[in-house]
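Architecture at a glance
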Amino acid sequence: MRIGRAIGVTDTGRRRLRNEDALVCAPPLFAVADGMGGAQAGELASGVAAAALEELGSETHGERAVAELIQEANLRVYRRAIEDPEAAGMGTTVTVALVDEQAETVAIGHVGDSRAYLIRDGELAQLTTDHSLVGELERSGRLTAEEARVHPQRSVITRALGTEEDVDVDTQLVEAEPGDVFLICSDGLPSMVRDEEIAELVEAADRDPERIARSLVEAANRAGGDDNVTVVVFELVEGHARGETLDPDEHTAENAPIPTPPAAPAAGDDVTRHGAGHGSRVLALAAILLALVATALVVWWGIAR
Ligand code: MG
């Protein structure tokens, strides 16, 4: 199994002046961060967290690695918030997916209310639980999912990166399958678009990550675009993991890396593909043409006389 197409799209939305979301689309690591804080601190917090993840995440895998990555990102945001008076009190959510192609697993880690979803066999499953006020009220049965989705205090989160030196990270390991599509998003998507509609849009986009991402961002804006909206979408496909050593007998067409497609052959090209090059072909054609013209001339000469 390997990572197929992947894309990240972020949009300010229709009501906010700034985009405080940040994303990482750096296979095998994917992440979304949604910052908060006064002035430009929200942007700074999500940006610092995303940069830390991108810098540290490429060579690691597994649940523990994800937790450690998020801890390190937390520390960087926290230190920055202490050092920089303008950044005091800033924080950010973060949701990370770290793919291990060889083990065929995806480690998910998160803090806050940015979500990870898995689309498998046309079914949309939310993998993360929101660390938010309404999320907790919903889990305790005091709010329905729909009440939580439109609640005025839906953006109040109960856990964030950067507010303390240590952070409690939720992690899980997903046994992946070829054909899986993963979606990571900031709350600007689910607060505007219901899960059922997300599932429909994913289906309508034919599992193409780019089409999925663009149609989800469009849907959030169509519904009002109250918040910044960010989506990262990637698919897992059949094939060998990057860097995996192949058994020499295993170089079948199916397993071989996808070759660069040859240029479209010209008509009749198959005859000459293994023989003469283009130049020789032109010469041969010219010779045939010359012979034909000469024959015609001889015949005409014969008739004319
Ligand atoms: Mg948000």
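Caution applies to low-pLDDT regions: their predicted coordinates should not be interpreted in detail. Looking at the chain, the pLDDT average stands at 87 and 85% of residues meet or exceed 70. Contacts for the low-pLDDT stretch residues 250–277, under 50 throughout, to residues beyond four places or in other chains number nine contacts.

Moving on, we get to the side chain of Thr230. Along the chain, Thr230 falls in strand S11 (residues 229–237). Classification of Thr230 by relative accessible area gives buried; the value is 0%. Reaching out from Thr230, the side chain makes a polar contact with the side chain of Asp21 at a distance of 2.8 Å. Discounting chain neighbours no more than four positions away, the residues touching Thr230 are Val9, Thr10, Asp21, Ala22, Leu23, Val32, Ile184, Cys185 and Ser186.

On to the pattern of salt bridges. Under the defined criterion, the tally for this structure stands at 16 salt bridges. Ionic pairing is found between Glu72 and Arg76, a salt bridge with its closest N-O pair at 3.2 Å. Of this pair, Glu72 and Arg76 both sit in helix H2 (residues 63–83), four residues apart, which is roughly one turn of that helix. Residue Glu72 is classed as partly exposed on the basis of its relative accessible area of 26%. Relative accessible area serves as the criterion here: at 25%, Arg76 is assigned to the partly exposed category. The partner of Arg120 in a salt bridge is Asp180, with the nearest N and O atoms 2.7 Å apart. Taken together, the positions of Arg120 in strand S7 (residues 115–120) and Asp180 in the loop between strand S9 (170–175) and strand S10 (181–185) put the pair 60 residues apart, joining distant regions of the chain. Accessibility expressed as a relative area gives 23% for Arg120, which makes it partly exposed.

So, about helix H6 (residues 209–222). In this model, H6 (14 residues) spans 20 Å end to end at C-alpha, consistent with the 20 Å of a helix rising 1.5 Å per residue. Every buried residue belonging to H6 is among Pro209, Ile212, Ala213, Ser215, Leu216, Val217, Ala219, Ala220 and Asn221, and all of these are buried. Looking at the buried positions of H6, the neighbouring elements they touch are strand S1 (2–11), S10, helix H5 (195–204) and S11. For H6, the side-chain oxygen to backbone nitrogen distance between the N-cap and Glu210 is 3.0 Å, and the N-cap itself is Asp208. Among the residues trailing H6, Gly224 stands out with phi positive, at a value near 130 degrees.

An order of S1-S11-S10-S7-S8 is seen for the five strands of this open sheet, with the pairing classed as antiparallel. The open sheet has two edge strands, S1 and strand S8 (123–126), and neither has a second partner. Ignoring strand direction, the axes of neighbouring strands in this sheet form an average angle of 20 degrees. As defined by bridge partners, S1 adjoins S11 across eight bridges and the pair is classed as antiparallel. Along S11, the bridge assignment pairs Asp11 with Val229.

Within the element layout of this structure, Val167 appears in the loop between helix H4 (145–150) and S9. Taking C-alpha positions, Val167 is 8.4 Å from Ile70, a pair spaced 97 residues apart along the chain. Other than its neighbours up to four places away in sequence, Val167 contacts Gln71, Asn74, Val111, Ala160 and Leu161.

Rules behind the numbers
- Residues numbered from 1 in each chain as written.
- Predicted model: local features only at pLDDT ≥ 70, side-chain atom pairs only at ≥ 80, totals over all residues.
- Heavy atoms only, no water.
- pLDDT = per-residue confidence, 0-100.
- Contact = heavy atoms within 4.5 Å.
- Helix = DSSP H or I, 4+ residues; strand = E, 2+ residues; numbered from the N terminus.
- Buried < 20%, exposed > 50% of the residue type's maximum accessible area, 1.4 Å probe, protein only.
- Polar contact = N/O pair within 3.5 Å; in protein donor to acceptor, adjacent residues only side chain to side chain.
- Salt bridge = Lys/Arg side-chain N within 4 Å of Asp/Glu carboxyl O.
- Expected span 1.5 Å × (residues − 1).
- Pairing = 2+ DSSP bridges.
- Axes fitted to C-alpha atoms, helices over the stretch in contact; angles between N-to-C directions.

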